[in-house]
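For reference, the chains in residue letters:
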Amino acid sequence: EPEVTQTPSHQVTQMGQEVILRCVPISNHLYFYWYRQILGQKVEFLVSFYNNEISEKSEIFDDQFSVERPDGSNFTLKIRSTKLEDSAMYFCASRGGLRNGRARYEQYFGPGTRLTVT
Amino acid sequence: AQTVTQSQPEMSVQEAETVTLSCTYDTSESNYYLFWYKQPPSRQMILVIRQEAYKQQNATENRFSVNFQKAAKSFSLKISDSQLGDTAMYFCAFMKLTSGSRLTFGEGTQLTVNP
(Lines give C-alpha, C1' and ligand atoms only; values in the text may rest on other atoms or scores of the structure.)
Protein backbone atom coordinates (compact mmCIF):
# COMPACT_ATOMS: atom_id res chain seq x y z
CA GLU A 1 0.00 0.00 0.00
CA PRO A 2 1.42 3.43 -0.92
CA GLU A 3 2.53 5.58 1.98
CA VAL A 4 3.97 8.99 2.77
CA THR A 5 7.64 8.92 3.71
CA GLN A 6 9.68 11.52 5.56
CA THR A 7 13.40 12.05 6.10
CA PRO A 8 15.21 12.35 8.38
CA SER A 9 13.36 10.65 11.23
CA HIS A 10 15.23 12.80 13.74
CA GLN A 11 17.13 16.04 13.19
CA VAL A 12 19.15 17.85 15.83
CA THR A 13 20.24 21.38 15.02
CA GLN A 14 21.57 24.43 16.76
CA MET A 15 19.50 27.56 17.22
CA GLY A 16 19.85 29.87 14.24
CA GLN A 17 20.66 27.10 11.77
CA GLU A 18 18.61 26.31 8.69
CA VAL A 19 16.91 22.93 8.39
CA ILE A 20 15.15 21.24 5.52
CA LEU A 21 12.64 18.51 6.22
CA ARG A 22 11.82 16.23 3.34
CA CYS A 23 8.67 14.36 2.40
CA VAL A 24 7.68 12.07 -0.44
CA PRO A 25 3.87 12.14 -0.71
CA ILE A 26 1.81 9.32 -2.15
CA SER A 27 2.52 9.36 -5.86
CA ASN A 28 -0.86 10.29 -7.37
CA HIS A 29 -1.83 12.73 -4.65
CA LEU A 30 -2.33 16.40 -5.47
CA TYR A 31 -2.61 18.19 -2.12
CA PHE A 32 0.22 18.41 0.38
CA TYR A 33 0.37 19.57 3.97
CA TRP A 34 2.74 20.21 6.84
CA TYR A 35 1.66 19.96 10.45
CA ARG A 36 3.60 20.10 13.65
CA GLN A 37 3.10 18.67 17.12
CA ILE A 38 4.95 20.03 20.11
CA LEU A 39 5.49 17.23 22.63
CA GLY A 40 2.35 16.60 24.67
CA GLN A 41 0.22 18.97 22.62
CA LYS A 42 -2.22 18.65 19.77
CA VAL A 43 -1.35 18.60 16.10
CA GLU A 44 -1.29 22.05 14.49
CA PHE A 45 -1.66 22.96 10.83
CA LEU A 46 1.19 24.86 9.21
CA VAL A 47 0.59 25.04 5.46
CA SER A 48 -1.21 23.45 2.53
CA PHE A 49 0.13 23.28 -1.01
CA TYR A 50 -1.63 22.61 -4.31
CA ASN A 51 -0.74 23.16 -7.93
CA ASN A 52 2.75 24.40 -7.02
CA GLU A 53 1.61 27.12 -4.70
CA ILE A 54 0.57 27.64 -1.10
CA SER A 55 -3.22 27.42 -0.81
CA GLU A 56 -3.46 28.18 2.90
CA LYS A 57 -1.12 28.88 5.80
CA SER A 58 -1.53 29.34 9.52
CA GLU A 59 -0.27 32.15 11.73
CA ILE A 60 2.56 29.85 12.80
CA PHE A 61 3.88 29.75 9.22
CA ASP A 62 5.77 33.03 9.27
CA ASP A 63 8.64 34.28 7.09
CA GLN A 64 11.02 31.78 8.68
CA PHE A 65 9.18 28.94 6.97
CA SER A 66 8.97 28.05 3.32
CA VAL A 67 7.79 25.06 1.30
CA GLU A 68 8.80 23.77 -2.06
CA ARG A 69 8.08 20.95 -4.44
CA PRO A 70 11.40 20.88 -6.26
CA ASP A 71 10.54 17.92 -8.48
CA GLY A 72 7.66 15.58 -9.16
CA SER A 73 8.05 13.60 -5.97
CA ASN A 74 9.55 15.59 -3.08
CA PHE A 75 7.87 18.18 -0.86
CA THR A 76 10.08 20.10 1.53
CA LEU A 77 9.69 22.36 4.53
CA LYS A 78 12.52 24.79 5.23
CA ILE A 79 13.01 26.63 8.47
CA ARG A 80 15.44 29.43 7.80
CA SER A 81 16.72 30.24 11.29
CA THR A 82 15.56 27.76 13.87
CA LYS A 83 14.43 28.79 17.35
CA LEU A 84 14.16 26.68 20.48
CA GLU A 85 10.37 26.76 20.19
CA ASP A 86 10.57 25.11 16.77
CA SER A 87 11.39 21.83 18.51
CA ALA A 88 8.52 19.53 17.62
CA MET A 89 7.44 16.58 15.52
CA TYR A 90 6.77 17.71 11.95
CA PHE A 91 4.30 15.69 9.91
CA CYS A 92 3.83 15.75 6.18
CA ALA A 93 0.46 14.65 4.80
CA SER A 94 -1.03 14.24 1.37
CA ARG A 95 -4.42 13.64 -0.14
CA GLY A 96 -5.67 12.63 -3.54
CA GLY A 97 -7.77 14.54 -6.01
CA LEU A 98 -10.68 12.76 -7.60
CA ARG A 99 -11.45 9.08 -7.50
CA ASN A 100 -14.35 7.82 -9.61
CA GLY A 101 -15.40 11.45 -10.09
CA ARG A 102 -15.59 12.16 -6.36
CA ALA A 103 -13.23 14.35 -4.37
CA ARG A 104 -11.14 12.52 -1.79
CA TYR A 105 -10.60 14.36 1.47
CA GLU A 106 -8.69 11.84 3.57
CA GLN A 107 -5.22 13.03 4.50
CA TYR A 108 -2.53 10.40 4.95
CA PHE A 109 0.34 11.22 7.22
CA GLY A 110 4.00 10.34 7.11
CA PRO A 111 5.83 8.99 10.16
CA GLY A 112 7.11 12.45 11.11
CA THR A 113 10.47 14.12 11.62
CA ARG A 114 11.41 14.89 15.19
CA LEU A 115 13.22 18.23 15.19
CA THR A 116 15.28 19.14 18.23
CA VAL A 117 16.72 22.65 18.41
CA THR A 118 19.46 23.13 20.99
CA ALA B 1 -12.71 29.66 13.10
CA GLN B 2 -13.43 26.06 13.84
CA THR B 3 -12.71 24.51 17.23
CA VAL B 4 -12.61 20.86 18.24
CA THR B 5 -12.93 19.75 21.86
CA GLN B 6 -12.12 16.38 23.36
CA SER B 7 -13.12 16.54 26.99
CA GLN B 8 -11.60 13.22 28.08
CA PRO B 9 -7.80 13.52 28.39
CA GLU B 10 -7.47 9.85 29.41
CA MET B 11 -9.62 6.76 29.27
CA SER B 12 -9.08 3.10 29.94
CA VAL B 13 -10.94 -0.05 28.98
CA GLN B 14 -10.57 -3.76 29.54
CA GLU B 15 -9.59 -5.92 26.60
CA ALA B 16 -12.65 -7.11 24.62
CA GLU B 17 -14.86 -4.41 26.11
CA THR B 18 -16.38 -1.42 24.31
CA VAL B 19 -15.33 2.18 24.82
CA THR B 20 -16.62 5.49 23.49
CA LEU B 21 -14.47 8.57 23.00
CA SER B 22 -16.20 11.96 22.86
CA CYS B 23 -15.64 14.87 20.51
CA THR B 24 -17.54 18.10 19.98
CA TYR B 25 -16.85 20.82 17.48
CA ASP B 26 -17.97 24.30 16.66
CA THR B 27 -18.48 25.58 13.14
CA SER B 28 -20.82 27.70 11.06
CA GLU B 29 -20.18 25.53 8.00
CA SER B 30 -22.89 23.22 6.72
CA ASN B 31 -20.68 20.88 4.76
CA TYR B 32 -17.49 19.43 6.16
CA TYR B 33 -15.68 16.22 7.04
CA LEU B 34 -14.83 14.75 10.41
CA PHE B 35 -12.08 12.26 11.13
CA TRP B 36 -10.62 10.20 13.90
CA TYR B 37 -6.87 9.62 13.87
CA LYS B 38 -4.94 7.22 16.08
CA GLN B 39 -1.42 8.02 17.30
CA PRO B 40 0.35 5.03 18.93
CA PRO B 41 3.61 5.47 20.86
CA SER B 42 5.51 5.51 17.55
CA ARG B 43 3.75 8.89 16.99
CA GLN B 44 2.61 7.91 13.50
CA MET B 45 -0.79 9.45 12.67
CA ILE B 46 -3.12 6.74 11.40
CA LEU B 47 -6.51 7.48 9.87
CA VAL B 48 -9.17 5.45 11.65
CA ILE B 49 -12.49 6.61 10.23
CA ARG B 50 -14.12 9.52 8.42
CA GLN B 51 -17.62 11.00 8.24
CA GLU B 52 -19.07 13.35 5.64
CA ALA B 53 -21.38 15.89 7.24
CA TYR B 54 -23.99 15.57 4.50
CA LYS B 55 -24.41 11.85 5.22
CA GLN B 56 -26.86 10.95 7.96
CA GLN B 57 -25.62 7.37 8.17
CA ASN B 58 -22.90 6.83 10.74
CA ALA B 59 -19.58 5.56 9.36
CA THR B 60 -18.21 2.18 10.41
CA GLU B 61 -14.85 0.52 9.82
CA ASN B 62 -14.68 -2.97 11.29
CA ARG B 63 -14.59 -2.53 15.10
CA PHE B 64 -14.71 1.26 14.84
CA SER B 65 -17.91 3.25 14.43
CA VAL B 66 -19.02 6.80 15.01
CA ASN B 67 -22.09 8.47 16.42
CA PHE B 68 -22.46 11.66 14.40
CA GLN B 69 -25.01 14.13 15.74
CA LYS B 70 -24.88 17.11 13.38
CA ALA B 71 -27.32 19.34 15.25
CA ALA B 72 -25.48 18.78 18.50
CA LYS B 73 -22.08 19.06 16.74
CA SER B 74 -20.97 15.84 18.32
CA PHE B 75 -18.82 13.12 16.80
CA SER B 76 -17.99 10.24 19.14
CA LEU B 77 -15.90 7.17 18.34
CA LYS B 78 -16.92 3.73 19.55
CA ILE B 79 -14.35 0.96 19.67
CA SER B 80 -15.84 -2.50 20.06
CA ASP B 81 -13.96 -5.60 21.23
CA SER B 82 -11.01 -3.46 22.33
CA GLN B 83 -7.58 -4.92 21.67
CA LEU B 84 -4.22 -4.19 23.28
CA GLY B 85 -3.07 -2.68 19.99
CA ASP B 86 -5.78 -0.04 20.29
CA THR B 87 -3.78 1.63 23.05
CA ALA B 88 -2.94 5.05 21.61
CA MET B 89 -3.76 8.72 21.60
CA TYR B 90 -6.91 9.39 19.59
CA PHE B 91 -7.45 12.72 17.88
CA CYS B 92 -10.71 14.02 16.50
CA ALA B 93 -10.28 16.33 13.50
CA PHE B 94 -12.48 18.70 11.50
CA MET B 95 -12.03 19.67 7.88
CA LYS B 96 -13.81 22.55 6.19
CA LEU B 97 -14.20 22.04 2.44
CA THR B 98 -12.03 24.87 1.14
CA SER B 99 -9.14 24.86 -1.31
CA GLY B 100 -6.67 24.41 1.54
CA SER B 101 -8.76 21.90 3.48
CA ARG B 102 -6.70 22.04 6.63
CA LEU B 103 -7.40 19.65 9.48
CA THR B 104 -8.21 21.19 12.86
CA PHE B 105 -7.45 18.76 15.66
CA GLY B 106 -8.74 18.32 19.18
CA GLU B 107 -6.45 17.92 22.17
CA GLY B 108 -6.59 14.14 22.04
CA THR B 109 -7.71 11.32 24.34
CA GLN B 110 -5.14 8.83 25.60
CA LEU B 111 -6.78 5.40 25.51
CA THR B 112 -5.25 2.51 27.42
CA VAL B 113 -6.53 -1.03 26.86
CA ASN B 114 -5.82 -3.22 29.85
CA PRO B 115 -5.35 -7.00 29.62
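Quick summary incoming for the structure in this document. (Residues numbered from 1 in each chain as written. Chains lettered and ligands numbered in written order. Predicted model: local features only at pLDDT ≥ 70, side-chain atom pairs only at ≥ 80, totals over all residues. Heavy atoms only, no water.)

## Looking at the interface of chain B and chain A
The accessible area lost on association of the parts is a frequent measure of interface size.
Thinking step 1. Counting residues at the interface gives 23 residues for chain B and 28 residues for chain A.
Thinking step 2. Linking chain B to chain A there are two salt bridges.
Thinking step 3. We note a salt bridge from E56(A) to R102(B), for which the minimum N-O separation is 2.9 Å.
Thinking step 4. Our count for the chain B to chain A interface comes out at 10 residue pairs in polar contact (both at pLDDT 80 or more).
Thinking step 5. Elements supplying a minimum of two residues to the side of chain B that touches chain A: β5 (32-39), β6 (46-52), β10 (88-96) and β11 (103-105) of chain B.
Thinking step 6. Top element by residues in the side of chain B that touches chain A is β5(B). It accounts for four residues. (Contact = heavy atoms within 4.5 Å. Salt bridge = Lys/Arg side-chain N within 4 Å of Asp/Glu carboxyl O. Polar contact = N/O pair within 3.5 Å; in protein donor to acceptor, adjacent residues only side chain to side chain. Helix = DSSP H or I, 4+ residues; strand = E, 2+ residues; numbered from the N terminus.)

## Looking at the pairing of strand β9 (residues 74-79) of chain B
Residue and element names in this part refer to chain B.
Thinking step 1. Bridge analysis of strand β3 (residues 19-21) against β9 gives three bridges, and the strand direction is antiparallel. When the sheet's bridge partners are listed, V19 is paired in β9 with I79.
Thinking step 2. As paired elements, strand β8 (residues 64-69) and β9 share six bridges and run antiparallel to each other. Paired with S65 across the strands is K78, a residue of β9.
Thinking step 3. Hairpin connection of β8 to β9: four residues between the antiparallel strands, including K73 at a positive phi of 55 degrees. (Pairing = 2+ DSSP bridges.)

## Remarks on the pairing of β5(B)
All names here are of chain B.
Thinking step 1. Most of β5 is tucked away: eight of the eight residues are buried.
Thinking step 2. A two-sided burial pattern is seen for β5, the buried positions comprising Y32, L34, W36 and K38 on one face and Y33, F35, Y37 and Q39 on the other.
Thinking step 3. In this structure, β5 lies alongside β6, joined through six bridges in antiparallel fashion. Within β6, the residue paired with Y33 across the bridge is E52.
Thinking step 4. Hairpin remark: β5 followed by β6, antiparallel, with six residues in the connecting loop; positive phi at R43, about 75 degrees. (Buried < 20%, exposed > 50% of the residue type's maximum accessible area, 1.4 Å probe, protein only.)

No statement about biological role is implied by the geometric values presented.
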